[in-house]
Amino acid sequence: MSDKLKQVIDKQAAQQEEDGIDHSKDIVQLVGFIIGEEEYAVPILSIQEIIKPFTWTRVPQVPAYVKGVFNMRGSVIPLIDLRLKFGLREQKHDDNTRFIVMKNDEDIAGFIIDRLTMAIRIKKENIGPAPDTLIGDDTMIDGVGKQADRIITILKVNKLLERDF
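The rules behind these values
- Numbers given to residues run from 1 along each chain, matching the order in which its sequence is written.
- Given that the model is predicted, a residue must reach a pLDDT of at least 70 before its local features are reported, and side-chain atom pairs must reach 80 or more before they are shown or counted; all residues, however, enter totals for whole chains, interfaces and linings.
- Here the side-chain values reflect all heavy atoms present in the structure, with hydrogen atoms and water set aside.
- Remark: nonpolar core denotes a set of buried residues (Ala, Val, Leu, Ile, Met, Phe, Trp, Tyr, Cys) joined through side-chain atoms within 4.5 Å.
- Burial here depends on accessible area, computed with a 1.4 Å probe over protein chains only, as a share of the maximum for the residue type. Under 20% is buried, over 50% is exposed, and the range in between is partly exposed.
- Secondary structure elements follow DSSP: runs of H or I no shorter than four residues count as helices, runs of E no shorter than two count as strands, and numbering proceeds from the N terminus.
- Here, residues are in contact when the closest pair of their heavy atoms is within 4.5 Å.
- Pairing between two strands requires that DSSP report at least two bridges joining them.
- Fitting a line to C-alpha atoms yields each axis, with helices limited to the stretch in contact; the angle taken between N-to-C directions then spans 0 to 180 degrees.
- Each salt bridge in this description consists of a side-chain nitrogen of Lys or Arg and a carboxyl oxygen of Asp or Glu lying within 4 Å of one another.

With 24 residues, the main nonpolar core has Phe33, Val42, Ile100 and Phe111 as its most contacted residues. Mapped by element, the contributors of at least two residues to this core are strand E1 (27-35), strand E2 (38-43), strand E3 (47-51), strand E6 (98-104), strand E7 (107-113) and helix H3 (157-161). Excluding residues within four positions of it along the chain, Ile100 makes contact with Phe33, Ile47, Glu49, Ile50, Ala109, Gly110, Phe111 and Ile113. With nine residues, the next largest nonpolar core counts Ile51, Ile77, Leu79 and Ile108 among its residues.

Below you can see the structure in the form of structure tokens.
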């Protein structure tokens with residue numbers, strides 16, 4: 001487990017202890033990140049690692065958002081730039097850029113994110129459905145979380161990991 005992911009989990013555990021009451025059945029645990037100007041989140045259990053960027057190998061004849069592949073402990077993993085996948089312009093990596101490795105069943109991929117935000121605990125009642133224009137099996141949006149003064153778009157990990165290349 002990466003140090004950053006351990007920090008996120010530890011922070012979440014501390015937040016739960018502060019509550020003093022076990023609301024785990026009513027709470028969804030997510031990890032938030034920024035792409036462009038928007039905040040997104042995925043379920044914490046779908047994350048295998050969060051790592052600082054390192055070199056990867058380019059692969060020919062793939063969509064522009066597929067930056068290439070990298071080796072993680074003997075496994076070759078595709079690397080996808082979420083900025084490009086979401087239709088934003090490419091941005092040079094900085095100190096906040098991270099690779100977030102997600103897994104769903106046997107599917108695994110690394111995603112380039114602009115920056116990690118925090119572990120998010122949100123009540124199920126504060127999560128609404130995807131906007132009507134996006135409802136269906138093809139959308140990457142699982143729901144919209146409302147928390148104090150912000151809106152968080154919750155993504156479907158299985159759709160992010162779907163191979164369309």
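Looking now at unusual backbone geometry. The backbone of Arg73 sits at a positive phi, close to 50 degrees, despite the residue not being glycine. Inspection of the secondary structure puts Arg73 in the loop between strand E4 (66-72) and strand E5 (75-81). Among the residues examined, Arg73 registers a relative accessible area of 64% and is labelled exposed. In this structure, Ala148 is a non-glycine residue whose phi angle is positive, near 45 degrees. Locating Ala148 in the fold gives a position in the loop between strand E10 (141-147) and strand E11 (150-155). The exposure class of Ala148 is exposed, given its relative accessible area of 90%.

The strand order across the open sheet built from five strands is E3-E6-E7-E5-E4, with neighbouring strands paired in mixed fashion. Two strands in the sheet have a free side with no partner beyond their single neighbour: E3 and E4. Neighbour to neighbour, the strand axes of the sheet diverge by 25 degrees on average, direction disregarded.

Inspection of every chain in the model, using the stated rule, returns five salt bridges. Among the ionic pairs, Asp114 bridges to Arg83, the shortest N-O distance being 2.6 Å. Of the two residues, Asp114 is situated in the loop between E7 and strand E8 (115-123) and Arg83 in helix H2 (residues 82-85); the sequence distance between them amounts to 31 residues. For Asp114, a relative accessible area of 12% puts it in the buried group. Across the pair Glu162 and Lys159 runs a salt bridge whose closest N-O atoms are separated by 3.1 Å. When its relative accessible area of 42% is taken as the criterion, Glu162 is described as partly exposed. Classification of Lys159 as buried rests on a relative accessible area of 13%.

In this section: the sheet that holds E1. In spatial order, the strands read E8-E1-E2-E11-E10-E9; together these six strands make up an open sheet with mixed pairing. Strands at the two margins of the open sheet, each flanked by one partner only, are E8 and strand E9 (127-128). Bridge analysis of E1 against E2 gives six bridges, and the strand direction is antiparallel. Across the sheet, residue Val31 finds its bridge partner in E2, namely Val42.

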